[in-house]
Number of protein chains: 2
Amino acid sequence: MALVVQKYGGTSVGSIERIRNVARRVAKTYDEGNQVVVVLSAMSGETNRLVGLAHEISEFPAEREYDVLVSSGEQVSIALLAMCLSDMGYRAKSFLGWQFPIRTDNSHARARIAEIPDAKIREELQEGGIVVVAGFQGVDTNDNVTTLGRGGSDTSAVAVAAALKADVCEIYTDVDGVYTTDPRIVPEASKIERISYEEMLEMASLGAKVLQIRSVEFAKKFGVVIHVRSSFDDQTGTLVMKEDDEMETVMVSGVTYNKDEAKVNVKGVPDQPGIAAKLFTPLSEANITVDMIIQNPSKDGITDMTFTVPHTDYKKAMGIIEEAAKTINAEEIVGDENIAKVSIVGVGMRSHSGVAAQMFQALSAEGINIQMISTSEIKVSCVIDVKYTELAVRVLHDAFGLAKSDVVQEG
Amino acid sequence: MALVVQKYGGTSVGSIERIRNVARRVAKTYDEGNQVVVVLSAMSGETNRLVGLAHEISEFPAEREYDVLVSSGEQVSIALLAMCLSDMGYRAKSFLGWQFPIRTDNSHARARIAEIPDAKIREELQEGGIVVVAGFQGVDTNDNVTTLGRGGSDTSAVAVAAALKADVCEIYTDVDGVYTTDPRIVPEASKIERISYEEMLEMASLGAKVLQIRSVEFAKKFGVVIHVRSSFDDQTGTLVMKEDDEMETVMVSGVTYNKDEAKVNVKGVPDQPGIAAKLFTPLSEANITVDMIIQNPSKDGITDMTFTVPHTDYKKAMGIIEEAAKTINAEEIVGDENIAKVSIVGVGMRSHSGVAAQMFQALSAEGINIQMISTSEIKVSCVIDVKYTELAVRVLHDAFGLAKSDVVQEG
């Protein structure tokens, strides 16, 4: 007998008929002799409807009330699933965030889970019940309702799995696993059977939108095994888990891309201590996240600084940097919105040399110019002209042998 | 400075624009120097939508989950109003049932309020805040969500007013008060300025649908003054309050009617001890509420029993009575669905004689036959043929001088 946490997203509970499907799958898992805890998102469209109401009434809705409002969506879906299971003859009980309670800090709309007492749930499971939990929501220590931010139900599920020391946390979604790259760009992309937390974090933060990044961090911290799979079939999906020796035999696990950044190039900067601080402190104060930063080797005491910011913050960042540039006597600011970042990710890089070189060669062979490079232990990212994005992804996917036909583990 | 509880129904918060109107009215009351607690229903249509979802998924929805589901409606309306007030610069905070907590018994979908601790609300009011409370919902002692039944928000409001010892509980609705009778039948019906709890209870239970009956019972028990008024204008409405000497000077306060009952006549019943129990115990076991019961004087040890039941239970009641009639050797069962009950209500009856006789004369003068009569201290009800309902109401309204033009208090 295993303890299984299953999380179903908004699409999977998007209609009465789909909720019935979820109930059947939950019942099947229970009938197979498992203890089952189900975590649900709101019915698809519902959260958007509620957010719409909030913005109809207020340009900047009061945060505390925003959380009260949007958390009502999950309240509906869990009640409906518990009803459906009861009707099928199962003992099923819904739990709202405050009923555990799922304790969070008091950052409304982006709260972090602090603590989940497991006593009530364990009791319910031991009495043979199926537990249905509202994802996305919690309560702070003053009993105010909080929410975890978009996609927060993944984090709820992993946190509940961690609290209960569940054997697996199954995340049901509308795709059947994590792919080596975006199948819309590379039809031969193959499903990854097992991927390490670190790789998944890089994949997620680089633009693969299967799992909320915080849920993976949480899973890594508490060693929760995540099984990403489809709610529309019974296929095994992708296991996200602790890195093992076998994973390292694969040099590159996936290729990702991100078109949501823009580049800022500050030319002719005096190469003196404190210059970087003068450029980046005002950006940070304006809540602009800087991603890649590159400083060219200094020539005659003069250097260039190049960095990327989210596309949505580009105009704001340019304004700030133009001001800052004056104080450091920079020669010129050049911005570029037409860039993309392509990356290769794999824990195998640690034990393989020449992975980056192989990436550069593959891009160069197609005449794709690399504008910026950034590397970490398990990832290499290159900024290129946005028009080459799809070509670059295909070329890299091919160069590292990730297509279905050639999923041969490289030694 | 007064402490005012204001309750707004579903129609009053039925759209974003109407919620803004409510916010303006709340703000005005606050600006006039009052402490304000607002109790809201769900936006009109929302509860029906949620009940619809429940019945789509299950013929008999699990009661515990039904309450979780439908209570989400008020969660939306209170958050939106609190947002709107915050936007207008007021300190406003929403409270869900569990956040007080509003403690109820564990009868799902028809829970009764047991206790409302006032500490949190008082603190919030003392700090200058406006408190916005979800009507209709509570929690039982095991922290399960409960609801109070249709129209339960009135009861929530009165209970909150009782807990806070509020100066007044204003119930905003789409009518501007309690009328001497249904203005659709008698256009000259006049608004009652002040009515006693007892009269209001008789009016409500007899078919005037302005206030939920339990809220009036609650108000009577705790001496809460209710002000029923319109959310669409600033007119004074009707005060529901403790009976005083002045009220007794009015002989009849209102005329009501009820077409929702049917009559069952059991003929030729042996007049022996235990006969009534044999007829009414099986009805009670089937959860059928019997309203009026009349037993004719016995003749030769044989009597008739006549009683009324809700129209919706009529067929079921006839079946049960036909079975029961066999065991007591009754001669014949005659049912009649085409009846109505018309009543006159007034605390003044206690000190005036001849009120019932005046009613019978008025009906008789129009050739309306009285089939059953039932009286209480402050009410006289007659069962008549349903086709005479409107005529009877008009005749009685006129006979007791209730029209606008002749609101002269009778001595």
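Worth saying up front: this structure is predicted, and the values here are computed from it rather than measured.

### Topic: the overall build of chain A
Okay, so step 1: The helix and strand tally for chain A stands at 13 helices and 20 strands.
Okay, so step 2: Computed over the C-alpha atoms, the radius of gyration of chain A is 24 Å, within 12% of the 22 Å expected from 2.2 N^0.38 for a compact globule of 411 residues.
Okay, so step 3: Based on the C-alpha atoms only, the size of chain A along its principal axes is roughly 80 × 55 × 30 Å.
Okay, so step 4: Burial statistics for chain A: of 411 residues in total, 49% are counted as buried.
Okay, so step 5: Long-range contacts, defined here as pairs at least 24 residues apart, represent 75% of the contacts in chain A between residues at least 6 apart.

### A look at the interface of chain B and chain A
Okay, so step 1: With 27 residues of chain B in contact, the opposing surface of chain A contributes 27 residues.
Okay, so step 2: Of all the secondary-structure elements, those providing two or more residues to the side of chain B that touches chain A are α1 (16-31), α2 (46-57), α3 (63-70) and α4 (72-87) of chain B.
Okay, so step 3: Looking at the side of chain B that touches chain A, the element that brings in the most residues is α4 of chain B, giving 10 residues.

### Re the nonpolar core
Okay, so step 1: Residues V38 and L81 of chain A together with L81 of chain B are the most contacted members of the largest nonpolar core, which totals 256 residues.
Okay, so step 2: With residues up to four places along the chain from it excluded, the contact list for L81 of chain A reads I19, V22, A23, V38, L40 and V132 of chain A.

### Some details on the sheet that holds strand β13 (residues 254-258) of chain B
All names here are of chain B.
Okay, so step 1: Across the sheet, four strands lie side by side as β13-β18-β20-β19; this open sheet has antiparallel pairing. Since the sheet does not close on itself, it has two edges, and those belong to β13 and β19 (372-376), each with one partner. Strand-to-strand twist across the sheet, computed as the mean angle between neighbouring axes with direction ignored, equals 20 degrees.
Okay, so step 2: Judged from the seven bridges that link them, strand β18 (residues 339-345) and strand β20 (residues 379-385) form a sheet pairing that is antiparallel. Considered in β20, the bridge of I339 is made with D385.
Okay, so step 3: With respect to the sheet, helix α7 (residues 197-205) is in contact with β13, β18 and β20, its orientation differing from that of β18 by roughly 170 degrees.

### Observations concerning the environment of A357 of chain B
Okay, so step 1: Tracing the backbone through its elements, the reader meets A357 of chain B in helix α12 (residues 355-365).
Okay, so step 2: Note: C-alpha distance between A357 of chain B and A134 of chain B (223 residues apart in sequence) is 47 Å.

### Focus on α2 of chain B
Okay, so step 1: In a regular helix each residue adds 1.5 Å, so 12 residues correspond to 16 Å; α2 of chain B covers 17 Å between its end C-alpha atoms and thus fits that length.
Okay, so step 2: When α2 of chain B is considered as a whole, its buried residues turn out to be T47, L50, L53, A54 and I57 of chain B. Seen end-on, α2 of chain B carries its buried residues on one side only, within an arc spanning 120 degrees.
Okay, so step 3: Buried residues in α2 of chain B make contact with α1 (16-31) and α4 (72-87) of chain A together with α3 and α4 of chain B.

### So, the packing of helix α2 (residues 46-57) of chain A against helix α3 (residues 63-70) of chain A
All names here are of chain A.
Okay, so step 1: Interhelical geometry of α2 versus α3 gives an angle of 145 degrees and a closest axis separation of 9 Å. In terms of crossing hand, the pair formed by α2 and α3 is right-handed. On α3, the residues that touch T47, L50, V51, L53 and A54 of α2 are Y66, L69 and V70.
Okay, so step 2: Across the contact of α2 with α3, the residue classes tally to seven nonpolar, one polar and no charged.

### Looking at the environment of I57 of chain B
Okay, so step 1: Residue placement: I57 of chain B occurs in helix α2.
Okay, so step 2: For the pair formed by I57 of chain B and K278 of chain B, sequence separation is 221 residues and the distance between their alpha carbons is 40 Å.
Okay, so step 3: Setting aside residues no more than four positions away along its own chain, I57 of chain B makes contact with I16, I19, L80, M83 and C84 of chain A.

### Topic: the sheet that holds strand β20 (residues 379-385) of chain A
Residue and element names in this part refer to chain A.
Okay, so step 1: What the four strands build is an open sheet, ordered β13-β18-β20-β19; its pairing is antiparallel. The open sheet terminates on both sides in strands that have one partner only, identified here as β13 (254-258) and β19 (372-376). Mean inter-strand twist for the sheet, computed between neighbouring axes without regard to direction, equals 20 degrees.
Okay, so step 2: The sheet contacts of helix α12 (residues 355-365) involve β18 (339-345), β19 and β20, and relative to β20 the element is tilted by about 20 degrees.
Okay, so step 3: In this fold helix α13 (residues 389-399) packs onto β13, β18 and β20, with an angle of close to 15 degrees to the strand it touches most, β18.

### With respect to the relation of the copies chain B and chain A
Okay, so step 1: Aligned on chain A, chain B shows an RMSD of 0.2 Å; the corresponding rotation is 180 degrees and the shift along the axis is 0.0 Å. Such a combination of rotation and displacement between the chain copies is what one expects of a two-fold axis. The C-alpha atom lying nearest the rotation axis in chain B is that of S72 of chain B; the distance is 2.7 Å.

### Focus: the domain arrangement of chain A
Okay, so step 1: The domain architecture assigned to chain A consists of domain 1 (3-174) and domain 2 (244-411).
Okay, so step 2: A straight line from the C-alpha centre of domain 1 of chain A to that of domain 2 of chain A covers 37 Å.

### Some remarks on the pairing of strand β14 (residues 261-270) of chain A
All names here are of chain A.
Okay, so step 1: Two elements, β14 and strand β16 (residues 302-310), share eight bridges in a ladder whose sense is antiparallel. Within the sheet, the bridge partner assigned to K263 lies in β16 and is T308.
Okay, so step 2: Looking at chain direction, β14 and strand β17 (residues 332-336) are connected through five bridges and run antiparallel. Bridging across to β17, K263 finds its partner in D336.

### A few points about the confidence of the model for chain A
All names here are of chain A.
Okay, so step 1: The predicted model of chain A averages 92 in pLDDT, with 98% of residues at 70 or higher.
Okay, so step 2: This stretch, residues 407-411, has a pLDDT under 50; its non-local contacts, to residues over four places away or in other chains, come to nine contacts.
Okay, so step 3: Among the scores for the predicted complex, ipTM is 0.84 and pTM is 0.85.

### Things to note about the pairing of strand β9 (residues 168-173) of chain B
Residues and elements named next belong to chain B.
Okay, so step 1: Judged by how many residues are buried, β9 sits mostly within the fold: five of six residues are covered.
Okay, so step 2: Inspection of the sheet shows strand β1 (residues 3-8) paired to β9 by five bridges, in the parallel sense. Looking at β9, one finds that V4 is bridged to V168.
Okay, so step 3: Strand direction decides the pairing type here: β9 and strand β11 (residues 226-230), joined by five bridges, are parallel. Residue pairing for β11: I171 is matched across the bridge by V228.

### Side note on α1 of chain A
Residue and element names in this part refer to chain A.
Okay, so step 1: Taking 1.5 Å per residue as the helical rise, α1 with its 16 residues ought to reach 22 Å, and the 22 Å between its terminal C-alpha atoms agrees with that figure.
Okay, so step 2: Every buried residue of α1 is listed here: I19, V22, A23, V26 and Y30. Angular distribution of buried residues about the axis of α1 spans 105 degrees; they occupy a single face of the element. Exposed side of α1, more than 90 degrees from the buried face: E17, K28 and D31 are the residues found there.

Parameters and conventions
Residues numbered from 1 in each chain as written. Chains lettered and ligands numbered in written order. Predicted model: local features only at pLDDT ≥ 70, side-chain atom pairs only at ≥ 80, totals over all residues. Helix = DSSP H or I, 4+ residues; strand = E, 2+ residues; numbered from the N terminus. Rg over C-alpha atoms; globule rule 2.2 N^0.38 Å. Buried ≥ 20, exposed ≤ 12 C-beta atoms within 10 Å, placed from the backbone. Contact = placed C-beta atoms within 7 Å. Core = buried A, V, L, I, M, F, W, Y, C linked by C-beta atoms within 7 Å. Pairing = 2+ DSSP bridges. Axes fitted to C-alpha atoms, helices over the stretch in contact; angles between N-to-C directions. Expected span 1.5 Å × (residues − 1). Arc of directions from axis to C-beta. Left-handed = near helix turned anticlockwise from the far one by under 90°. Nonpolar A, V, L, I, M, F, W, Y, C, P; charged D, E, K, R; others polar. Least-squares fit on C-alpha atoms with pLDDT ≥ 70 in both. Domains from an automatic or database assignment. pLDDT = per-residue confidence, 0-100.

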